[in-house]
Amino acid sequence: MSKILIVEDEETIADLEKDYLELSGFQVEVATDGETGLKRAMEEDFDLYILDLMLPGVDGFDICRQIRSEKDTPIIMVSAKKDDIDKIRGLGLGADDYMTKPFSPSELVARVKAHLARYDRLTGSAREVNKVIEIRGLKIDTTARRVWVNGEEKTFTTKEFDLLTFLAGHPNHVYTKEELFREIWDMESIGDIATVTVHIKKIREKIEMDTSNPQYIETIWGVGYRFKV
């Protein structure tokens, strides 16, 4: 559910906007003065802001300026002032839209939906979310191919990273050396299964506090290895 902050000092207008937006499935919070609105806008993440221009304390222009300095969330400015200079100034500060009072609440809802959909297309759905595996202080970013142990980044070779990621991605599953060799080096690679043992040793040196008593990669004697969770 998208969260919307309305900063509007005319309570009857704010309540009307809130009712229409909530009926359309949005979660809405209202601030009736500029200082409170600015504080809520900067402290919490909202999906869209609706700002009146003329507010007690801090006006809508200042709120817009400060939001835009830190966030790219959609902003709709509303005002009873019809002057083009105010519209130009508001859009120049980074507002995405400008509506002149009085306006239809249903039009406001339509514009809110359009801006949220556009923002999602440009950022939300287009932004790739890195796949991260986190287990007891071990963090593996499989997209960026980076590894941290208790907050300290460690450097891995390509095959070390591939082997660690494969095991961590299949926790509690016991793999033989032959299976790991086929999975990571494939059947056509030059080498033998001793390569797996060497790489496991190197990985343990980087992620284990005590390599003689490993907490992540266990040796299952006579079988192979298991990533323990």
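Preceding this section is the structure that the text describes.
Report on the accompanying structure. Predicted model only: the values in this text are computed from it and were never measured.

Taking burial as the measure, the 5 residues of strand E1 (residues 3–7) include 5 buried ones, the bulk of the element. Along E1, one buried face is formed by Lys3, Leu5 and Val7 and the opposite face, lined by Ile4 and Ile6, is buried too. Pairing of E1 with strand E2 (residues 27–31), which is carried by 5 bridges, proceeds in the parallel orientation. For leucine 5, the partnering residue across the bridge sits in E2 and is glutamate 29. A crossover links E1 with its parallel partner E2, the connecting element being helix H1 (residues 11–23), and its sense is right-handed. Relative to strand E3 (residues 48–52), E1 runs parallel, the two being bridged by 4 bridges. Looking at E3, one finds that leucine 5 is bridged to tyrosine 49.

In a structure, side chains of opposite charge can pair up when their charged atoms sit close to one another. Throughout the structure, instances matching the rule amount to 21 salt bridges. Its salt-bridge partner being arginine 145, residue aspartate 162 comes within 2.8 Å of it at the nearest N-O pair. Of this pair, aspartate 162 sits in helix H6 (residues 158–168) while arginine 145 sits in the loop between strand E7 (138–141) and strand E8 (146–149), and the two are 17 residues apart along the sequence.

Right, let's talk about the packing of helix H3 (residues 60–70) against helix H4 (residues 84–92) for a bit. Viewed as axis vectors pointing N to C, H3 and H4 meet at an angle of 20 degrees, and their least axial separation amounts to 9 Å. With respect to their mutual orientation, H3 and H4 come out roughly parallel. Two secondary-structure elements touch here, H3 through Phe61, Cys64 and Arg65 and H4 through Asp86, Arg89 and Gly90. Across the contact of H3 with H4, the residue classes break down as 2 nonpolar, 1 polar and 3 charged.

The rules behind each value
Residues numbered from 1 in each chain as written. Predicted model: local features only at pLDDT ≥ 70, side-chain atom pairs only at ≥ 80, totals over all residues. Heavy atoms only, no water. Buried < 20%, exposed > 50% of the residue type's maximum accessible area, 1.4 Å probe, protein only. Helix = DSSP H or I, 4+ residues; strand = E, 2+ residues; numbered from the N terminus. Pairing = 2+ DSSP bridges. Right-handed = clockwise from strand over helix to strand, strands pointing away. Salt bridge = Lys/Arg side-chain N within 4 Å of Asp/Glu carboxyl O. Axes fitted to C-alpha atoms, helices over the stretch in contact; angles between N-to-C directions. Parallel < 35°, antiparallel > 145°, perpendicular 65-115°, else oblique. Contact = heavy atoms within 4.5 Å. Nonpolar A, V, L, I, M, F, W, Y, C, P; charged D, E, K, R; others polar.

Such coordinate-based values are descriptive only and should not be taken to indicate function.
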